[in-house]
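The residues making up each chain are set out below.
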Amino acid sequence: MTARLPHPLVVTAANHLQARTLMQFLLSAARHGIDKRANWAVYDLGLSADDRALLSRRFGWAVLRTPPRDGTSPPALLQDAAAGHSDVLFWFDCGTLFRTGIDPAVQAAAQQGFWGLRRQAPIARTCSAGLLDGLDVPLETRHLRAWSADAVGFDMASPVGRQLVADWASEAGAGAASSTPAHCEALLNGLLARAVFTGSLEPAGEDVDIGSARPSPMLHTRSMVPNWRPLWTDPSERLVAATRKSMHRFRHQARLFNDTRIDGWKGAVFGDHYTVKLRNVCDGTEVPVPGPRGGFLADPFITRRHGRFWLFMEEFTYREDRGFLTVAEIDDGMKLVSQAPVQLGPGYAALDSHASFPCVFDLEGEAHMIPETHKRFAVDLFVCESWPARWRLRRRLLFGLDAVDSMLIQEAGLWYLITSVHGSPNRHLQIHFTDDLFSGRFTPHPVNAKALYGNAANGTGRNAGYIGRQADGSLIRLMQDSPKHYGQGIRPMRITVLSPTEFHEEPVTSIDMLPGIVAGFPSHHVTRAGDVLAFDTRS
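Conventions adopted
- Residues numbered from 1 in each chain as written.
- Predicted model: local features only at pLDDT ≥ 70, side-chain atom pairs only at ≥ 80, totals over all residues.
- Heavy atoms only, no water.
- Helix = DSSP H or I, 4+ residues; strand = E, 2+ residues; numbered from the N terminus.
- Buried < 20%, exposed > 50% of the residue type's maximum accessible area, 1.4 Å probe, protein only.
- Contact = heavy atoms within 4.5 Å.
- Areas by Shrake-Rupley, 256 points an atom, 1.4 Å probe, with all protein chains shown as cover.
- Lys, Arg positive; Asp, Glu negative; His and termini not counted.
- Charge placed at Lys NZ, Arg CZ, Asp CG, Glu CD.
- Polar contact = N/O pair within 3.5 Å; in protein donor to acceptor, adjacent residues only side chain to side chain.
- Core = buried A, V, L, I, M, F, W, Y, C linked by side-chain atoms within 4.5 Å.
- Pairing = 2+ DSSP bridges.
- Axes fitted to C-alpha atoms, helices over the stretch in contact; angles between N-to-C directions.
- Phe/Tyr/Trp six-rings, centres within 6.5 Å; stacked < 30°, edge-to-face > 60°.
- Salt bridge = Lys/Arg side-chain N within 4 Å of Asp/Glu carboxyl O.

Undergrad: Residue-level account of the overall build of the chain, with values.
TA: Within the chain, the secondary structure is distributed over 10 helices and 29 strands. By its C-alpha atoms, the chain is 90 × 50 × 45 Å across when sized along the principal axes. Counting over 539 residues, the chain shows a buried share of 53%. For the chain, the share of sequence-separated contacts (at least 6 apart) that also reach a separation of at least 24 residues comes to 59%. For the chain, the exposed area adds up to about 23,400 Å²; of that, 52% sits on carbon and sulfur atoms. Each charge class in the chain was averaged separately, 56 positive and 56 negative side chains, and the resulting centres sit 7 Å apart.

Okay, structure coming up:
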């Protein structure tokens, strides 16, 4: 037997300039039975007497309310409407146009305490850093796509829903500046990001119909109608709105197709293709690792654990034009035994964009990983929960930087993160350091101002998989060296000075730990475990 869904309360508001838009919204609700499915509260923010009379005559089920004295912002109106209501509470901007019923939204809100539609931009771009800092929003959830405040639902029977409504109203306050839609939406997103981090909310939700190739079919937003247009023109207004939204959706679908299938096809035919190879340093035996159909493997990090070799790699898929993370078990004969996708958690840390360079290392007896996730402008440290495929975010080391190929090295009691950051004209080397990897604040190194390797093209200067010490104690970094094209070759560098104030490195011809890997070796990534080298070559 299907459980009975809650009976929601729908809240909206309008002034005289929005009266015709409000009526279009109410007409769409009646067409889909939402007038009977829910109770309605329409806050009068300055409707005329004629507006109120027409609303009462045509939409008697939409109860007009006077706004509270402490504010007319959506959070203030929601808190006022929430008094005495213990079911799902919705806020819909009066520019909303329903296209279906609201039962899926009611069910979603009842299941986890909140329902909303997602924007394409991340929270960090739609909210100021000062606002997020003021709300104590952790860096770990600031990359999440923002929610639209034009259509949101809260389950007032749930502690999560009640707390979100109360906090949103409290943070918004009653001032005129804090009542702007943009500020209210930013506050809501800060509160949601905080709730996601604590585990009380999952980062779910369909797309809002702005900038999306796959928007929610439930509604259109921002469907405004001028007051001079009579109600009998509603069918034509809906047709115009539907046509405009369909063209908007088609444009974004075409862009998505171009950014994935077309770019992927171009990459498959004209772009880079890599092959991962394994080499036994004792006898020189060399074998390729079988790559996937419709893609390739790259960025191999090899490690030995539980008496076996494990190979963490980027698996690039042309169809989606992006990389994923994969791990393979390799036997002592350098043959592939099994392979599985790497899973990153919790939910807010799951991969939703390109990932590569899965830098795996042991720390305090546990396996850790720093993958490249530059599309989310983050450098993250993961710890293994279940070897080898399941990993949990332990800490976000850096946020707000387009950083790639990041690696850690410990020197004189400090942790140094060496990475390559997007700049003009090219990427350049950056270093950040801390005295406590798990809780300390990272300080930018003075060498960052020099933009080392910023004048070199094709990724020259980026880490190439290996940072470590030679038998004589010298610190060696393998970096990419690609004067003609990306992935052309590598160059061993000796770090001669590494301190909080200075960094210097110089080229060397070879590395004792990586026999056969000399300056100009045709790879852009080399690692070693035991007697096995793992590297990739471009073709």
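The structure having been displayed, the exposition proceeds.
Undergrad: Which residues make up the environment of aspartate 209, and what are the values?
TA: Within the fold, aspartate 209 resides in the loop between helix H9 (181-198) and strand S8 (219-220). Measuring from C-alpha to C-alpha, the distance between aspartate 209 and arginine 119 comes to 8.3 Å, with 90 residues separating the pair along the chain. Contact partners of aspartate 209, with chain neighbours within four places excluded, come to Pro215, Leu219, His220, Thr221, Lys245 and His248. Looking at aspartate 209, its side chain comes within polar contact range of the side chain of lysine 245, at 3.0 Å.

Undergrad: Kindly report on the nonpolar core, identifying the contributing residues and their values.
TA: Formed by 89 residues in total, the largest nonpolar core has its most connected members in Val11, Phe154, Trp168, Phe312 and Trp391. Per-element tally for this core: the top contributor is H9, with nine residues. If you look at the next biggest cluster of nonpolar residues, it comprises 33 residues, including Met23, Ile34, Leu47 and Ala105.

Undergrad: Give me the sheet that holds strand S1 (residues 9-14): which residues, what numbers.
TA: Spatial ordering of the open sheet is given by S3-S2-S1-S4-S7-S6, a layout of six strands whose pairing is mixed. The sheet is open, and its two borders are formed by strand S3 (62-65) and strand S6 (114-122), each paired with just one other strand. When the angles between neighbouring strand axes are averaged without regard to direction, this sheet yields 25°. By the bridge criterion, three bridges tie S1 to strand S4 (residues 88-92) in an arrangement that is parallel.

Undergrad: Any details on the packing of aromatic side chains? Residues and values, ideally.
TA: Applying the stated criterion across every chain, the model contains 25 aromatic pairs. The interplanar angle of 50° and the centroid separation of 5.6 Å between the aromatic rings of tyrosine 274 and phenylalanine 296 together place this pair among those described as tilted. With tyrosine 274 in strand S9 (residues 274-280) and phenylalanine 296 in strand S11 (residues 295-305), the pair connects residues that are 22 residues apart, well separated along the chain. Comparing tyrosine 274 with phenylalanine 296 shows no difference in burial state: the two are buried. The rings of Phe25, Trp40, Phe59, Trp61, Phe90, Phe92, Phe98 and Trp115 are connected pair by pair, giving a single aromatic cluster.

Undergrad: Tell me about the pattern of salt bridges, residues and numbers included.
TA: Taken as a whole and assessed by the stated rule, the structure comprises 31 salt bridges. Across the salt bridge formed by aspartate 234 and arginine 238, the nearest N and O atoms sit 2.7 Å from each other. Note that aspartate 234 and arginine 238 are positioned in helix H10 (residues 234-270) at a spacing of four residues, about one turn of the helix. Here the salt bridges share partners, and the residues they tie into one network are Arg119, Asp150, Glu185 and Arg222.

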